[in-house]
Amino acid sequence: MNKNGYTLHDDKKSVIETVTGDKVSSVVYTNKDFAKRILTHFEPQFNLNDTFLDPCKGDGAFYDHMPKPKEYCEIQEGKDFFKYNDKANWIITNPPWQGKVYAPFANHCFEVSDNVIFLVKLFGAIGTNRRLRDALTNKHGMKEIIICDWKQAGFYYIDGSAKAGEGFVLAIVHWQKHYDKDCHWTYWTDEVKPKIKKQKHR
């Protein structure tokens, strides 16, 4: 039980239900190769002696690929993130998705880390004014949003079939403390990538 009255679990809660009534599994683990791709993408921004934290390690998809020095929290191992108060330069994780857990979890990430990177439903990260205020209150600006593919991330339905998009956009969102420039949009999927027609020059 954390200070806000919610119990954090290792599993990532999904509230998604398709129009056909299919429900996704409440346990959402990230594909380890996909987690590595995320770390590789941000690696050019890492500095020597930066510290890394995965606040909900799960099966280690992100943690195993993080450079040292690194730490993790995992409620099932008795390491409660809400009791973690050391500072980190980078938090990179697949956070709990359930709304009542996500908000205090994200706030604590902003409190302890200069850079926060979530693999999350885009609406869950920025879909309400409260989400935007939470980051800005902690002086974190949105630096990059990467639109990505559910299947590449390794998310599946309860019956084991590969999860497809059903209206919610999956994204990797990067907030950085004191960042005040434009947010960069990157596309790792062709499903929603804008089609730009080449102009013919006369």
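As the structure is a computational prediction, the values presented were derived from the model and not from experiment. Residue numbers here run from 1 along each chain, matching the order of that chain's written sequence. Side-chain atom pairs in this predicted model are given and counted only at pLDDT of 80 or more, local residue features only at pLDDT of at least 70, and totals for whole chains, interfaces and linings cover all residues. Hydrogen atoms and water are omitted, and side-chain values are computed over all heavy atoms in the structure.

Enquirer: How would you explain the overall build of the chain if you had to name every residue and give the values?
Expert: The secondary structure listing takes helices from DSSP runs of H or I that are at least 4 residues long and strands from runs of E that are at least 2 residues long, numbered from the N terminus. Secondary structure summary: the chain contains five helices and seven strands in total. Order of helices (α) and strands (β) in the chain, N terminus to C terminus: α-β-β-β-α-β-α-α-β-α-β-β. Per-residue burial for the chain yields a buried fraction of 49% across its 202 residues. All accessible areas in this document rest on Shrake-Rupley with a 1.4 Å probe, and a residue is counted as covered only by the protein chains that are shown. Working note: accessible area of the chain is about 11,200 Å², and carbon and sulfur atoms make up 49% of it. Burial here depends on accessible area, computed with a 1.4 Å probe over protein chains only, as a share of the maximum for the residue type. Under 20% is buried, over 50% is exposed, and the range in between is partly exposed.

Enquirer: Any details on the sheet that holds strand S4 (residues 113-121)? Residues and values, ideally.
Expert: When DSSP finds at least two bridges between two strands, those strands are taken to pair. Strand order in the open sheet formed by seven strands is S2-S1-S3-S4-S6-S5-S7, and the pairing between neighbours is mixed. Two strands in the sheet have a free side with no partner beyond their single neighbour: strand S2 (70-72) and strand S7 (184-187). Between one strand axis and the next, the sheet turns by 20 degrees as a mean value, whatever way the strands run. Throughout, a contact is declared for two residues whenever any of their heavy atoms are within 4.5 Å. Whenever a helix is involved, its axis is fitted only over the stretch in contact; in every case the axis is a line through C-alpha atoms, and angles between N-to-C directions fall within 0 to 180 degrees. Across the sheet, helix H1 (residues 32-42) touches strand S3 (88-93), S4, strand S5 (140-148) and strand S6 (170-177), and the angle it forms with S5 is around 135 degrees. On the sheet, helix H2 (residues 99-112) packs against S3, S4, S5 and S6 and is oriented at approximately 150 degrees with respect to S4.

Enquirer: Which residues make up H1, and what values go with them?
Expert: Residue pairs spaced three or four apart in an α-helix point in one direction, given the helix's 3.6 residues per turn. By the burial criterion, the buried members of H1 are Phe34, Ala35, Ile38, Leu39 and Phe42. Down the axis of H1, the buried side of the element spans an arc of 145 degrees, and every buried residue falls inside it. Contact partners of the buried residues in H1: S3, S4, S5, helix H5 (150-153) and S6. Pairing of N or O atoms within 3.5 Å defines a polar contact, subject to two protein rules: one partner must be a possible hydrogen donor and the other a possible acceptor, and residues neighboring in sequence count only if both atoms are side-chain atoms. With a side-chain oxygen positioned 2.9 Å from the backbone nitrogen of Asp33, the residue opening H1 is Asn31. The directions considered for the arc run from the helix axis to the C-beta atoms.

Enquirer: For unusual backbone geometry, give the residues involved together with the corresponding values.
Expert: Note the cis peptide between Lys68 and Pro69, where omega equals 0 degrees. For Lys139, which is not glycine, the phi dihedral falls at a positive 65 degrees. As for its position among the elements, Lys139 is in the loop between helix H4 (129-137) and S5.

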